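Coordinate inspection notes
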Amino acid sequence: MTIQPGKMIPDASVQVIDGEVRKCRTSELFAARKVVMFGVPGAFTPTCSNKHLPGYVNHLADFRERDITVMCLAVNDAHVMQAWAASLQVPAELLMIADGNAAFTQSMGLELDGTAFGMGVRVKRFALFAEDGVVRLLQIEAPGEFRVSTAEAILTAIDH
């Protein structure tokens, strides 16, 4: 079942890339802060690389003004996430979250079956806003869409 507003972010082990690679619990990542996490089906894929992640990089100051930490989630290994961040010059303050086995993704009910495209299990394209680990807003894209999970869309939704 997909996580819903009002529910706690599930606790799982992920790898965080913020210049370095380190293991972390999601309970620690979301504790005592406001977070926008957006999910992308895959590092180095066209929409993710050309639009989704760059949009959040371009709006980092807008999130910072609202005291919001931004995190990008993908079902890729930490080395891929680190190389992707480097290739797009992602600032270390935008945390790249590697969920290589999709355990965190599946615990939130946000998995996408990409086997028809040779991609295996991935995360759906989404954006969520959480405060102190509680989901306040969740926007999941329809298949093939890129509208409600953009940096601009989540900023607008948070402000209303």
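Residues numbered from 1 in each chain as written. Predicted model: local features only at pLDDT ≥ 70, side-chain atom pairs only at ≥ 80, totals over all residues. Heavy atoms only, no water.

A separate point is the overall build of the protein. Looking only at helices and strands, the protein features six helices and nine strands. With respect to the three principal axes, the spread of C-alpha positions in the protein is 40 × 35 × 30 Å. Within the span of the protein, comprising 160 residues, buried residues form 48% of the whole. A sequence separation of at least 24 residues applies to 65% of the contacts in the protein between residues at least 6 apart. Working note: accessible area of the protein is about 7600 Å², and carbon and sulfur atoms make up 50% of it. (Helix = DSSP H or I, 4+ residues; strand = E, 2+ residues; numbered from the N terminus. Buried < 20%, exposed > 50% of the residue type's maximum accessible area, 1.4 Å probe, protein only. Contact = heavy atoms within 4.5 Å. Areas by Shrake-Rupley, 256 points an atom, 1.4 Å probe, with all protein chains shown as cover.)

Within the secondary structure, R122 sits in strand β7 (residues 121-123). Buried within the structure, R122 lacks any salt-bridge partner; D77 is the closest side chain of opposite charge, at an N-O distance of 9.0 Å. A distance of 2.9 Å separates a polar side-chain atom of R122 from the backbone oxygen of M119. (Lys, Arg positive; Asp, Glu negative; His and termini not counted. Salt bridge = Lys/Arg side-chain N within 4 Å of Asp/Glu carboxyl O. Polar contact = N/O pair within 3.5 Å; in protein donor to acceptor, adjacent residues only side chain to side chain.)

All right, on to helix α6 (residues 151-159) then. Of the positions making up α6, those classed as buried are A151, A153, I154, L155 and I158. Packing partners of the buried residues in α6 comprise β3 (34-39), α2 (46-58), α3 (60-65), β4 (68-74), β8 (126-131) and β9 (134-140).

Attention shifts here to the pairing of strand β2 (residues 21-25). With five bridges connecting them, strand β1 (residues 13-17) and β2 associate as antiparallel partners. For I17, the partnering residue across the bridge sits in β2 and is V21. What sits between the antiparallel neighbours β1 and β2 is a turn of three residues, in which G19 has the positive phi angle 100°. (Pairing = 2+ DSSP bridges.)

The subject of this paragraph is the pattern of salt bridges. Tallying each qualifying case throughout the model produces six salt bridges. D18 is paired through a salt bridge with R22; the nearest N and O atoms lie 3.0 Å apart. Two residues, R147 and E145, come together in a salt bridge whose shortest N-O distance is 2.9 Å. On the accessibility criterion, E145 (33% relative accessible area) is partly exposed.

This brings us to the nonpolar core. Of all hydrophobic cores here, the largest spans 29 residues; its most connected members are F38, Y56, F63, W84, L94 and M96. Elements with a contribution of two residues or more to this core: β3, α2, α3, β4, α4 (78-87), β5 (95-98), β8 and α6. Non-local contacts of W84, meaning those with residues more than four positions away in its chain, are made with V40, A43, F44, C48, S49, L53, C72 and M96. Residues V14, L73, A102 and L128 belong to the second largest nonpolar core, which totals 25 residues. (Core = buried A, V, L, I, M, F, W, Y, C linked by side-chain atoms within 4.5 Å.)

The sheet contact formed by β1 and β5 spans three bridges and is antiparallel. Note that in β5 the partner of V16 across the bridge is I97.

Paired through their backbone hydrogen bonds, the strands of a sheet run either parallel or antiparallel. Pairing is mixed in the open sheet, where seven strands are placed in the order β2-β1-β5-β4-β3-β8-β9. At either end of the open sheet lies a strand with only one pairing partner, and these are β2 and β9. Averaged over neighbouring strand pairs, the angle between their axes works out to 25° when direction is ignored. Summarising the sheet, β3 and β4 pair through six bridges and their orientation is parallel. (Axes fitted to C-alpha atoms, helices over the stretch in contact; angles between N-to-C directions.)

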